[in-house]
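Structural description and commentary
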Amino acid sequence: QVQLVESGGGLVQAGASLRLSCAASGFTFSSRPMGWFRQAPGKVREFVAAISASRSTTFYTQSLKGRFTISRDNAKNTVYLQMNSAKPEDTAVYYCAAHSREFLSPGRWARENEYTYWGQGTQVTVSS
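Keep in mind that this is a model prediction, so the values were computed, not measured.

With that settled, consider the overall build of the protein chain. Broken down by element type, the protein chain carries 0 helices and 11 strands. Each helix and strand of the protein chain, placed in order from N terminus to C terminus, yields the pattern β-β-β-β-β-β-β-β-β-β-β. In terms of overall dimensions, the protein chain is globule-like: its C-alpha atoms have a radius of gyration of 14 Å, near the 14 Å expected for 128 residues. A buried classification covers 43% of the 128 residues belonging to the protein chain. Across the protein chain, contacts joining residues at least 24 apart in sequence account for 59% of those joining residues at least 6 apart.

It is worth spelling out the packing of aromatic side chains at this point. With the rule as written, the count across this model stands at 8 aromatic pairs. Seen from their ring centres, Phe-37 and Phe-47 are 5.5 Å apart, and the 75° between their planes marks the pair as edge-to-face. With Phe-37 in strand β4 (residues 34–39) and Phe-47 in strand β5 (residues 46–51), this residue pair connects regions lying 10 residues apart in the sequence. An identical accessibility class is assigned to Phe-37 and Phe-47; each is buried. Centroid distance Phe-37 to Tyr-115: 5.0 Å. Interplanar angle 80°. Geometry classified as edge-to-face. Highlighted residues: Phe-37 in strand β4 and Tyr-115 in strand β10 (residues 115–118), separated in sequence by 78 residues. Tyr-115 matches Phe-37 in its accessibility class, with the two residues each being buried. In this structure an aromatic cluster arises from ring pairing among Phe-37, Phe-47, Phe-59, Trp-109, Tyr-115 and Trp-118.

If you walk across this open sheet you meet the 4 strands as β1-β3-β8-β7, and the pairing is antiparallel. For this open sheet the edge positions go to β1 (3–7) and β7 (68–73), each flanked by a neighbour on one side alone. Strand after strand, the sheet turns through a mean of 15° between neighbouring axes, direction not considered. As paired strands, β1 and strand β3 (residues 18–25) are joined by 5 bridges and run antiparallel to one another. Residue pairing for β3: Ser-7 is matched across the bridge by Ser-21.

Here the focus is the state of the cysteines. Taken as a whole and judged by the stated rule, the model has 1 disulfide. At a sulfur-sulfur separation of 1.8 Å, the disulfide partner of Cys-22 is Cys-96. Across the S-S bond of Cys-22 and Cys-96 the torsion is about 45°, and the bridge reads as right-handed. Taken together, the positions of Cys-22 in strand β3 and Cys-96 in strand β9 (residues 92–99) put the pair 74 residues apart, joining distant regions of the chain. Just as Cys-22 is buried, Cys-96 falls in that class too.

Rules of the game
Residues numbered from 1 in each chain as written. Predicted model: local features only at pLDDT ≥ 70, side-chain atom pairs only at ≥ 80, totals over all residues. Heavy atoms only, no water. Helix = DSSP H or I, 4+ residues; strand = E, 2+ residues; numbered from the N terminus. Rg over C-alpha atoms; globule rule 2.2 N^0.38 Å. Buried < 20%, exposed > 50% of the residue type's maximum accessible area, 1.4 Å probe, protein only. Contact = heavy atoms within 4.5 Å. Phe/Tyr/Trp six-rings, centres within 6.5 Å; stacked < 30°, edge-to-face > 60°. Pairing = 2+ DSSP bridges. Axes fitted to C-alpha atoms, helices over the stretch in contact; angles between N-to-C directions. Disulfide = S-S within 2.5 Å.

The structure is reproduced here in structure tokens:
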């Protein structure tokens, strides 16, 4: 069965860095674009970042670009989200997801309904 298991969340102080990991199994990880989403308390789930299967292309929510970095290690079936200069507004449950398509068309990176597999999420709390 397909599994996406996030880890690395926790409680950190504002300004700190942390790296989230998502271990995948049950599908051909190396052929799927992967994404990170987050859902803050009282808010809808939003797109954070995505990376192509080949690692040649990345896409970020504009407000987070330069502070968050997505990466992947296909040999380990793992996708990462490096979070730097954490802010209280980054507090959310972070989810990794696998896209339904092997190749993404421009503009489709952030479409939540086009991601097929989802992890259970990992909580990130940033104190002020």
